[in-house]
Amino acid sequence: MNLKISGHHLEVTPAIRDYVSEKLDRVKRHFDHVINLNVIMQVEKLVHKAEATLHVKGHDFHASSEDDNMYAAIDLLADKLDRQIVKHKEKISDVHQDGGSLKHQPTESAA
């Protein structure tokens, strides 16, 4: 997974970088096929914002969060991305299990 972390009106310290990496590692545990992940953190007045764009094969996911504390915003962001990835993974597994064609549907026998 290629992780890019940047800050807008904010210096990205090693502590914040480690925290983001640790929190977003959970996404990788749920879905191994993550190609890259871009995280942008910014501060506007007293509001801390965190945005992330996650690219997997065939899909892009975007999530953003706001809070008074940057670490809380990162937590919310990780939760949102995690939910999106889990939902995507369930959709993929449902499609592969069903077969997606009428050939595999049971037929009723004529009486």
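Here is a short report on the structure shown in this document. (Residues numbered from 1 in each chain as written. Predicted model: local features only at pLDDT ≥ 70, side-chain atom pairs only at ≥ 80, totals over all residues. Heavy atoms only, no water.)

**Here's the deal with the sheet that holds strand 2 (residues 34–44)**
Strand order in this open sheet of four strands is 1-2-3-4, and the pairing throughout is mixed. A strand with exactly one partner marks an edge of an open sheet, and here the two such strands are strand 1 (2–8) and strand 4 (59–67). Strand after strand, the sheet turns through a mean of 10° between neighbouring axes, direction not considered. As paired elements, strand 2 and strand 3 (residues 47–56) share ten bridges and run antiparallel to each other. (Pairing = 2+ DSSP bridges. Helix = DSSP H or I, 4+ residues; strand = E, 2+ residues; numbered from the N terminus. Axes fitted to C-alpha atoms, helices over the stretch in contact; angles between N-to-C directions.)

**Considerations on the pairing of strand 4**
Bridge count for strand 3 against strand 4 is nine bridges, and the pairing is antiparallel. Bridged to V56 within strand 4 is H59. Taking the residues that link successive antiparallel strands as the turn, the strand 3-strand 4 hairpin has two residues, and the phi of G58 there is positive, at about 90°.

**Description of the pattern of salt bridges**
For the structure on display, the rule yields five salt bridges. Residue D79 is joined to R26 by a salt bridge in which the shortest nitrogen-to-oxygen separation is 2.7 Å. Of this pair, D79 sits in helix 2 (residues 70–98) while R26 sits in helix 1 (residues 14–30), placing them 53 residues apart in sequence. For D79, a relative accessible area of 33% corresponds to the partly exposed category. Ionic pairing is found between R26 and D82, a salt bridge with its closest N-O pair at 3.8 Å. Pair noted here: R26 is in helix 1 and D82 is in helix 2, with a separation of 56 residues, a long-range link. Overlapping salt bridges, with partners in common, bring together R26, D79 and D82 in one network. (Salt bridge = Lys/Arg side-chain N within 4 Å of Asp/Glu carboxyl O. Buried < 20%, exposed > 50% of the residue type's maximum accessible area, 1.4 Å probe, protein only.)

**A closer look at the nonpolar core**
Membership of the largest hydrophobic core comes to 25 residues, with the highest contact counts inside it found for V20, L24, V39, M41, L54 and L81. Of all elements in the fold, only helix 1, strand 2, strand 3, strand 4 and helix 2 reach the threshold of two or more residues within this core. Per-element accounting of this core gives the leading share, seven residues, to helix 2. Leaving out residues up to four positions away in the same chain, L24 has contacts with M1, L37, V39, A78 and L81. (Core = buried A, V, L, I, M, F, W, Y, C linked by side-chain atoms within 4.5 Å. Contact = heavy atoms within 4.5 Å.)

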